[in-house]
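Residues per chain are reported as follows:
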Amino acid sequence: MVKDLFERIQNNKGPLGKWASQAEGYYVFPKLEGELGPRMMFHGKEILNWSINDYLGLANHPEVRKADIEAAQQYGAAYPMGARMMSGHTKFHEQLENELAEFVMKEAAYLLNFGYQGMVSIIDALVTKNDVIVYDVDAHACIIDGVRLHMGKRFTYKHNDIESMEKNLQRATKLAEETGGGILFITEGVFGMRGQQGKLKEIVEMKKRYNFRLLVDDAHGFGTLGKTGAGAGEEQGCQDGIDVYFSTFAKSMANIGAFVAADKDIIDYLKYNLRSQMFAKALPMIQTIGSLKRLELLRKSSELKDKLWENVNALQNGLKERGFNIGDTNTCVTPVYLEGSIPEAMVMVNDLRENYGIFLSIVVYPVIPKGIILLRMIPTASHSLKDIEETLAAFEAIREKLVNGTYKAIAEANVENVS
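Along each chain, the written sequence defines residue order, and numbers are assigned to residues from 1. In keeping with the predicted nature of the model, local features appear solely for residues at pLDDT of at least 70, side-chain atom pairs appear and are counted solely at 80 or more, and the whole-chain, interface and lining totals rest on all residues. Only hydrogens and water are set aside when side-chain values are computed; all heavy atoms of the structure are taken into account.

A. Layout of unusual backbone geometry. Here the bond from Y79 into P80 is cis, since omega is -5°, no more than 30 degrees from zero. For P80, the position within the fold is in the loop between α4 (62-75) and α5 (91-103). If you check the backbone angles, F29 has positive phi at about 50° while not being a glycine. The way it works is that DSSP assigns letters per residue, a run of H or I at least four long becomes a helix, a run of E at least two long becomes a strand, and they are numbered from the N terminus. Residue position: F29 is located in the loop between α3 (20-23) and β1 (32-33). Its identity is not glycine, yet N160 carries a phi of approximately 55°, on the positive side.

Structure below.
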């Protein structure tokens, strides 16, 4: 008997979906209102927002808003109307690509409509069934989905573990020698949950012993790391060793879109083989011209990155001084690890939002191990030291309630009330 395809879906909503009736509209899919920034409105109350990736505070920068408005007035939302290969190519797209390539110290770059979609398609285009992929077990979902398309072999290594990387490169080398293929090694410049930089320098050094090409997703590093803001490769002094560099506009650039940069022959290949761009409408002019202005400010306004790091250091040092576990982050991403259940985490976040006016992201199983609550904060250049002090005080209060069982008691009472 053939089952109804939807039967499984209707009976099993998935590890996150099973919480939808309790979580949707508040813990997930929340509605934040007002101007993007540290202070926004949530359920009719002002909250201090630590949950947007506007690292450099460009979302509401007056020059950025002016550029967006002028592009919208001149071109509207539809222009250009077609894929780049057919009718959607403009001098502004070329200009942005040239400026991005120069900024990240690569020969050429190519624009992508979306970061997630772009990464999936890049991986698909770079490898054949004879090639082998080696990637970090904690890689972002876009990398995992790209690898899923691969019809050849793939190996994962332990997160940021050099010994495991080498072991899996040895396995990949042996296999590639049999298939006659090559090896694509994938990692991230910054791991977005834990805040650790990928060990790019060590990986590049391994290229002396193993024949592989390196693809780096630097979504959180671009604009925040390195002397000029060119990312994790610049920060670690190994940008030249990154064969294919990728980043999104959705974080430091406060926009939609992404780009990939590499040697010109590789970009030329991707232009004619990257299915997510070949068969999709070009990046609209509002985003393209708007990104040119954002990149200009990123390059010329070093005070934005300086202010960002002033806030990052104040927040992270303040948390550590108060005994909070922030792991081994060495980037702007600020995780706080606490012990507790998912129901306790939901009560805690409710308390933070309703009684302390603090809005941040909560991460629980299956993203992280059971029994761990991760509160993830993204400091930006727009935050103030007053915002940080207010947040630190709130954290001290919620930790006491978690330790003394207040949240556990409330969570258990909630379950009894529902039943």
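Here the narrative resumes.
B. Summary view of the side chain of Q277. Its location among the elements puts Q277 in helix α12 (residues 275-278). The criterion used for residue contact is that any of the two residues' heavy atoms lie within 4.5 Å. Q277 has contacts with A83, Y110, L111, L112, N113 and Q117, leaving out every residue within four places of it along the chain.

C. Representation of the packing of helix α14 (residues 302-321) against helix α16 (residues 385-403) within the structure. Lines fitted to the C-alpha atoms define the axes, with helices restricted to the stretch that makes contact. Angles between their N-to-C directions range from 0 to 180 degrees. Two numbers describe how α14 lies on α16: the axes approach to 10 Å, and their chain directions differ by 20°. One way to sum up the angle between α14 and α16 is to call them roughly parallel. The handedness of the crossing between α14 and α16 is right-handed. Of α16, the residues touching α14 (which contributes E310, N311, A314, L315, G318 and L319) are L385, I388, L392 and F395. Under the convention adopted here, Pro, Cys and the residues Ala, Val, Leu, Ile, Met, Phe, Trp and Tyr are nonpolar, Asp, Glu, Lys and Arg are charged, and Gly plus all remaining residues are polar. A breakdown of the residues in the contact of α14 with α16 according to their chemical character gives seven nonpolar, two polar and one charged. In this scheme, roughly parallel covers angles under 35 degrees and roughly antiparallel covers those over 145, while 65 to 115 is roughly perpendicular and the rest are oblique. Working rule for handedness: look at the near helix, and if it is turned counterclockwise from the far one by less than a right angle, call the crossing left-handed; if clockwise, right-handed.

D. Representation of helix α13 (residues 285-300) in the model. Multiplying 1.5 Å by the residue count of a helix minus one yields the expected span of that helix. A rise of 1.5 Å per residue sets the reference length of α13, with its 16 residues, at 22 Å; its end C-alpha atoms lie 23 Å apart and thus fit the reference within 8%. Each residue gets one of three labels from its accessible area relative to the maximum for its type: buried under 20%, exposed over 50%, partly exposed in between, using a 1.4 Å probe on protein chains only. Of all 16 residues that make up α13, 13 are buried, and the element is covered over most of its length.

E. Highlighting the UniProt feature "domain: Aminotransferase class I/classII large" (unreviewed entry) in the protein. Residues annotated in UniProt with the feature "domain: Aminotransferase class I/classII large" (unreviewed entry) correspond here to residues 46-394. Within residues 46-394, the helical portion is 43% and the strand portion 16%, while the C-alpha atoms at the span's ends are 15 Å from each other. UniProt positions are given in the numbering used here, feature names are shortened, and annotations may be inferred rather than shown by experiment.

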